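Residue-level structure breakdown
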Amino acid sequence: MTRRVRIFPVPASRRTERVRVVTTAQTQELDVQPTPLALLLLGREADPRSERGVECPGDLPSPSDPDLVERARAAKEKLGNKVFVLGHHYQRDEVIQFADVTGDSFKLARDAAARPEAEYIVFCGVHFMAESADILTSDDQKVVLPDLAAGCSMADMATAEQVAECWDVLTEVGIAEQVVPVSYMNSSADIKAFTGKHGGTICTSSNAKRALDWAFEQGEKVLFLPDQHLGRNTAVRDMGMSLEDCVVYNPHKPNGGLTAAELRAAKMILWRGHCSVHGRFSLDSVNDVRERIPGVNVLVHPECRHEVVAAADHVGSTEYIIKMLEAAPAGSKWAIGTELNLVRRLANRFAPEGKEIVFLDKTVCFCSTMNRIDLPHLVWALESLAEGNLVNRIEVDKETEAFAKLALERMLALP
Ligand code: SF4
């Protein structure tokens, strides 16, 4: 009898559970211990837990296939103006070479909206970015994410249910009316919609201070989602608040792990979320690089922990980091605290100008989910579109879109 067992990657909390065992003769439920490390091959079959229930049945070539670059080029040429490929700064080089435009998530979404003739927007980034592009583009434009498993660990740290529960807590404590939600761009469409519905705004790492200034004109407190570090760094470093003005709401604890008195006293209620890439940099990384490279300038992203930001020489978004390096004098030395693909590209770009650029940490640190978008997936998506098959479409439902747009429009109207 042929027997096929589908085993999914299993979170630690669910290591023992019922899995479906399919045989040619019967289907039965058995209690078995799944192998936690077993993963589906990329693009073969579908994993409803990591791929959000959407089929991705592509037959992908190996990443080392020498014809891939030519196939991507040919498919893109065949699609012509019908396709517009967006490449996030943290993407791999072999993918970014096919991007029509590069940038951070918000810039890319706006670039896509400015190209209405492009029927297909292929987003080489992560899931929340593709959602934002769908929200900001017209109904005729279809946004495609080449691998549906390209999520964002930070965005996944705030679910709609958890945030609704948090709002109930704030209501019970009697402070919800004083609270304005401010959500980082790196959040799901659901969280953006929650923000719009409750009078709040979205922010990016470039305009977080302006968004918070605006929010404190509307109310007395801010609920900042989902990145605690960007919220804390902006409040303390840029707005003169103290660390004591901030509390951290932990969605895994009753009442966020906070007392009513703590919630009432706080100005900034920070969601307990973080970026797995930027959260890795530590004070030791900063001290170590200063010892290794005398005279080095430490330049970090505001998603880094507060002690790292406090010890750095400069802090700013990816666009800020790029501009800072463009303006840097020859002979200057820089240690950069952001995603490795970008740092490596910047190091290669500015080396001929005599600028020495290194990664802040000794440990290599890519954004693993962003790296799910590889050349085989891009080729598969482009070839499918060229053959008239719309694959891996990311589509936000109309109600969510309307409220999320409201929050995004408030951001666009910030002074
Ligand atoms: S770098 Fe961090 S915030 Fe950006 S996509 Fe990766 S996990 Fe998410």
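Since the structure is predicted, the reported quantities are computational estimates derived from the model, not experimental observations. (Residues numbered from 1 in each chain as written. Predicted model: local features only at pLDDT ≥ 70, side-chain atom pairs only at ≥ 80, totals over all residues.)

This next bit is on the overall build of the chain. Looking only at helices and strands, one finds 15 helices and 17 strands in the chain. Taking all 415 residues of the chain together, the buried fraction comes to 44%. (Helix = DSSP H or I, 4+ residues; strand = E, 2+ residues; numbered from the N terminus. Buried ≥ 20, exposed ≤ 12 C-beta atoms within 10 Å, placed from the backbone.)

Another point: the sheet that holds strand β11 (residues 246-249). Strands sit in the order β9-β8-β10-β12-β11 across an open sheet of five strands; the sheet is parallel. Looking at which strands have only one partner, the edges of the open sheet turn out to be β9 (201-203) and β11. With strand direction ignored, the average angle separating the axes of adjacent strands in the sheet is 25 degrees. Pairing of strand β8 (residues 179-184) with β9 involves three bridges; the strand directions are parallel. Bridging from a neighbouring strand, S183 pairs with I202 of β9. Helix α8 (residues 228-238) contacts β8, β10 (221-225), β11 and β12 (268-271) of the sheet and is inclined by roughly 155 degrees relative to β12. (Pairing = 2+ DSSP bridges. Axes fitted to C-alpha atoms, helices over the stretch in contact; angles between N-to-C directions. Contact = placed C-beta atoms within 7 Å.)

Of note, the bond from L225 into P226 is cis; its omega dihedral lies within 30 degrees of zero at -25 degrees. You will see that N255, though not glycine, has its phi angle at about 55 degrees, which is positive. Secondary-structure assignment places N255 in the loop between β11 and α9 (260-265). Here N392, not a glycine, exhibits a phi torsion of approximately 45 degrees, which is positive. Note on placement: N392 falls in the loop between α14 (375-386) and β17 (393-394). Overall, N392 belongs to the buried group, with 24 C-beta atoms counted inside 10 Å.

Turning to the packing of helix α1 (residues 68-79) against α14, a few remarks are in order. Relative to each other, α1 and α14 sit at 30 degrees, their axes nearing to 9 Å. Judged on the interaxial angle alone, α14 and α1 are roughly parallel. When you trace α1 past α14, the crossing you get is left-handed. On the side of α1, the interface is formed by L68, R71, A72, A75, K76, K78 and L79, while α14 contributes L375, P376, L378, V379, L382, E383, L385 and A386. For the contact of α1 with α14, the residue count by class is 11 nonpolar, no polar and four charged. (Parallel < 35°, antiparallel > 145°, perpendicular 65-115°, else oblique. Left-handed = near helix turned anticlockwise from the far one by under 90°. Nonpolar A, V, L, I, M, F, W, Y, C, P; charged D, E, K, R; others polar.)

On to the site of the ligand. Around the ligand, a shell composed of 13 residues is seen, among which C152, M154, C275, V277 and C367 lie nearest. Partitioning the shell around the ligand into residue classes produces eight nonpolar, four polar and one charged. (Near = placed C-beta within 6 Å.)

Pairing is parallel across the open sheet formed by four strands, whose spatial order is β14-β13-β15-β16. Strands with a single pairing partner mark the edges of an open sheet, and in this sheet they are β14 (314-315) and β16 (356-359). Of the strand pairs in this sheet, strand β13 (residues 297-300) and strand β15 (residues 333-337) are connected by four bridges, and their pairing is parallel. Each bridged residue has a counterpart across the sheet, and for V298 the counterpart in β15 is A335.

Counting buried positions along strand β6 (residues 120-124) gives four out of five residues, so the element sits mostly inside the fold. Relative to strand β7 (residues 142-144), β6 runs parallel, the two being bridged by three bridges. Residue pairing for β7: V122 is matched across the bridge by V144. Remark: the β6/helix α4 (residues 127-136)/β7 crossover connection has right-handed handedness. (Right-handed = clockwise from strand over helix to strand, strands pointing away.)

Bringing the confidence of the model for the chain into the picture now. Here the chain shows a mean pLDDT of 87. Residues at 70 or above account for 85%. When the criterion is pLDDT under 50, residues 1-43 qualifies, and its contacts beyond four places in sequence or with other chains add up to 42 contacts. (pLDDT = per-residue confidence, 0-100.)

Right, let's talk about helix α15 (residues 398-412) for a bit. Its 15 residues give α15 an end-to-end C-alpha distance of 20 Å, which sits within 8% of 21 Å, the value for a rise of 1.5 Å per residue. For α15, the full list of buried residues reads T400, E401, A404, A407, L408, R410 and M411. Contact partners of the buried residues in α15: α4, β8, α6 (189-197), β9 and α7 (208-218). (Expected span 1.5 Å × (residues − 1).)

Looking now at helix α13 (residues 340-350). Each turn of an α-helix holds 3.6 residues, which means side chains three or four residues apart point in the same direction. Listing the buried residues of α13 in full gives N341, L342, V343 and L346. For α13, the elements touching its buried residues are α12 (318-327), β15 and β16.

Of all the five residues making up β15, four are buried; the element is thus mostly covered by neighbouring parts of the structure. Pairing of β15 with β16, which is carried by four bridges, proceeds in the parallel orientation. Looking at the pairing, K333 lines up with E356 of β16. Since β15 and β16 lie parallel, the crossover through α13 that links them has a hand, and here it is right-handed.

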